[in-house]
Amino acid sequence: MNCHLLVPNLFWPAAAGAEPYRGLQLPSLQTLLARGRRTRTGGGSLERWLAGAFGLPDDLPLAPFALRGDGGEPGDHCWMHADPIHLRVHSDRLILADASRFSITAEEAREFVAALNSHFAAEGMRFVAPSPQRWYLRLAAEPRMRAIPTAEMAGRSIEPFLPAGEDGARWRRFFNEAQMVLHSHPRNEARGALPVNSVWWWGAGRARPLASSHDVVWGDHPLAAGLAMASKAAMRPLPDAGAFLLQGSDFKEPLVVVASLPTTAYGDLAGWRDAIAALERTWFAPLLSGLKSAALESLTLHGLGPDYGYTVVVSRHDLWRFWRPKQPLQVYAA
């Protein structure tokens, strides 16, 4: 088995320097980073990495695949993400918070989506919310605009990233209209949590068959599930720990998507350190043991961060490279 392990948010923004990693003791992860064939990569989100892995273009036409992973049926329609967000004023900027920062009930999502559908009906647009935290928009035609994933917008000022391109002005107008609809919605007035006061457009496209080198995808993320279905790969729910993968399998090229680390965008260092310590116990240590026992032929770790990441290919023989000792994690932030 040649296992690929995808871990978003493994690294902090470059501006954070070494401090987030100081004092962390993660011996299995440190061994993999030290002994493996390591390549430093550019920054990227889970969405952007998965698009590349499944042969999709840089404009990230991912919405129909995520919709399918969320239990919807995209058919031949064009779909776009219309993710619920909260915008807050900070000085002269509007800062975006994604749905990881607030809760939305299914009933609230239905009422918000109903209000948006009423307002935008004349435009031939149809909103759906198969998950309260993830909304989608069906369109008559693909918009000619550039937009980036909500996950890459978290904690950032929206102004430089508003829709651009030939249809950019139209979609900026729709963005403002959606804000007005949601801002005045009675559900927001009754919420004790952050109001859902806008949506973020991105990822427009149509479903299509895809190709992938992976014969199975293990994970709980709807985009990973939808891409697996489009590529005819098997889809399996993420097990609690990596040891499960080593108990015998007919799959040869699994992709394991472990998206449990919190985004670094909001500065929750304590939560991130707790979560990465849990990954050491449940994933890095068991998979390193699998290499040592030859249950795994190789492990490729794809560690992502907003500004940089690492791809590390480790075989059983690489573990014998004792002249490459474990290093403190802050070494890799340099």
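Above this text sits the structure in question.
In short, a report on the structure.

Some points on the overall build of the protein chain
Helix and strand counts for the protein chain stand at 9 helices and 12 strands. Relative to a compact globule of 334 residues, whose C-alpha radius of gyration would be 20 Å, the protein chain shows 21 Å and is just as compact. Referenced to the eigenvectors of the C-alpha coordinate spread, the extents of the protein chain come out at roughly 65 × 45 × 35 Å. Summed over its atoms, the accessible surface of the protein chain is roughly 14,900 Å², and 51% of this surface lies on carbon and sulfur atoms. Of the charged side chains in the protein chain, 34 are positive and 32 negative, and the gap between their average positions amounts to 6 Å.

Re the side chain of His 214
Note that His 214 resides in the loop between strand S7 (198–205) and strand S8 (216–218). Residue His 214 is classed as buried on the basis of its relative accessible area of 8%. Here the side chain of His 214 touches Glu 253 through a polar contact of 3.3 Å, landing on its backbone oxygen.

Looking at unusual backbone geometry
In this structure, Asn 9 is a non-glycine residue whose phi angle is positive, near 65 degrees. If you trace the backbone, Asn 9 turns up in the loop between strand S1 (2–7) and helix H1 (27–35). Not every positive phi belongs to a glycine, and Ser 91 is a case in point at roughly 60 degrees. For Ser 91, the location among the structural elements is in the loop between strand S3 (78–90) and strand S4 (93–97). Of the residues examined, Ser 91 reaches a relative accessible area of 65% and is grouped as exposed.

What to know about helix H6 (residues 168–183)
What sets the pattern is the α-helix's 3.6 residues per turn: residues three or four places apart point alike. Here H6 contains 16 residues, and its C-alpha end-to-end distance of 22 Å stays within 8% of the 22 Å for a straight helix at 1.5 Å per residue. Residues of H6 that are buried include every one of Gly 168, Trp 171, Phe 174, Phe 175, Glu 177, Ala 178, Gln 179, Val 181 and Leu 182, and no others. For H6, the elements touching its buried residues are S3, helix H4 (106–120), strand S6 (134–139), helix H7 (186–190) and S7.

Topic: empty space enclosed by the protein
Within the structure shown, the criterion is met by 1 cavity of 30 Å³ or more. In this structure, the largest cavity encloses a volume near 40 Å³. Looking at the lining of the largest cavity, the elements with two or more residues in it are H1 and helix H9 (269–292). Within the lining of the largest cavity, the residues separate by chemical class into 8 nonpolar, no polar and no charged.

Details of H4
For H4, spanning 15 residues, the distance from its first C-alpha to its last is 21 Å, which sits close to the expected 21 Å at 1.5 Å a residue. Along H4, the residues classified as buried are Glu 108, Ala 109, Phe 112, Val 113, Leu 116, Asn 117 and Phe 120. One side of H4 carries all its buried residues, which in axial view fall inside an arc of 165 degrees. Away from its buried face by more than 90 degrees, H4 exposes Arg 110 and Ser 118. The elements touched by buried residues of H4 are strand S5 (126–131), S6, H6, H7 and S7.

Topic: the packing of H4 against H6
Any two packed helices are characterised by how steeply their axes cross, that is the angle between the axes, and by the distance between the axes. Packing of H4 against H6 leaves a shortest axis separation of 10 Å and a crossing angle of 130 degrees. Judged by the inter-axis angle, H4 sits oblique to H6. Considering only the axes of H4 and H6, their crossing is right-handed. Between H4, through Phe 112, Ala 115, Leu 116, His 119 and Phe 120, and H6, the contact on the second element is made entirely by Phe 174, Glu 177, Ala 178, Val 181 and Leu 182. A per-class count over the contact of H4 with H6 returns 8 nonpolar, 1 polar and 1 charged.

With respect to the side chain of Asp 318
Note on placement: Asp 318 falls in the segment after strand S12 (308–315). The buried category is assigned to Asp 318, whose relative accessible area is 9%. A polar atom in the side chain of Asp 318 sits 2.9 Å from the side chain of Arg 37. If we ignore the near neighbours within four places in the chain, the residues touching Asp 318 are Arg 35, Arg 37 and Val 313.

About the cut-offs
Residues numbered from 1 in each chain as written. Predicted model: local features only at pLDDT ≥ 70, side-chain atom pairs only at ≥ 80, totals over all residues. Heavy atoms only, no water. Helix = DSSP H or I, 4+ residues; strand = E, 2+ residues; numbered from the N terminus. Rg over C-alpha atoms; globule rule 2.2 N^0.38 Å. Areas by Shrake-Rupley, 256 points an atom, 1.4 Å probe, with all protein chains shown as cover. Lys, Arg positive; Asp, Glu negative; His and termini not counted. Charge placed at Lys NZ, Arg CZ, Asp CG, Glu CD. Buried < 20%, exposed > 50% of the residue type's maximum accessible area, 1.4 Å probe, protein only. Polar contact = N/O pair within 3.5 Å; in protein donor to acceptor, adjacent residues only side chain to side chain. Expected span 1.5 Å × (residues − 1). Contact = heavy atoms within 4.5 Å. 1 Å grid on protein atoms, 1.4 Å probe; cavity = no way out; pocket = protein on both sides within 12 Å on 5 of 7 lines; lining within 4 Å. Points joined across faces, edges and corners; volume = space filled by probe spheres on them. Nonpolar A, V, L, I, M, F, W, Y, C, P; charged D, E, K, R; others polar. Arc of directions from axis to C-beta. Axes fitted to C-alpha atoms, helices over the stretch in contact; angles between N-to-C directions. Parallel < 35°, antiparallel > 145°, perpendicular 65-115°, else oblique. Left-handed = near helix turned anticlockwise from the far one by under 90°.

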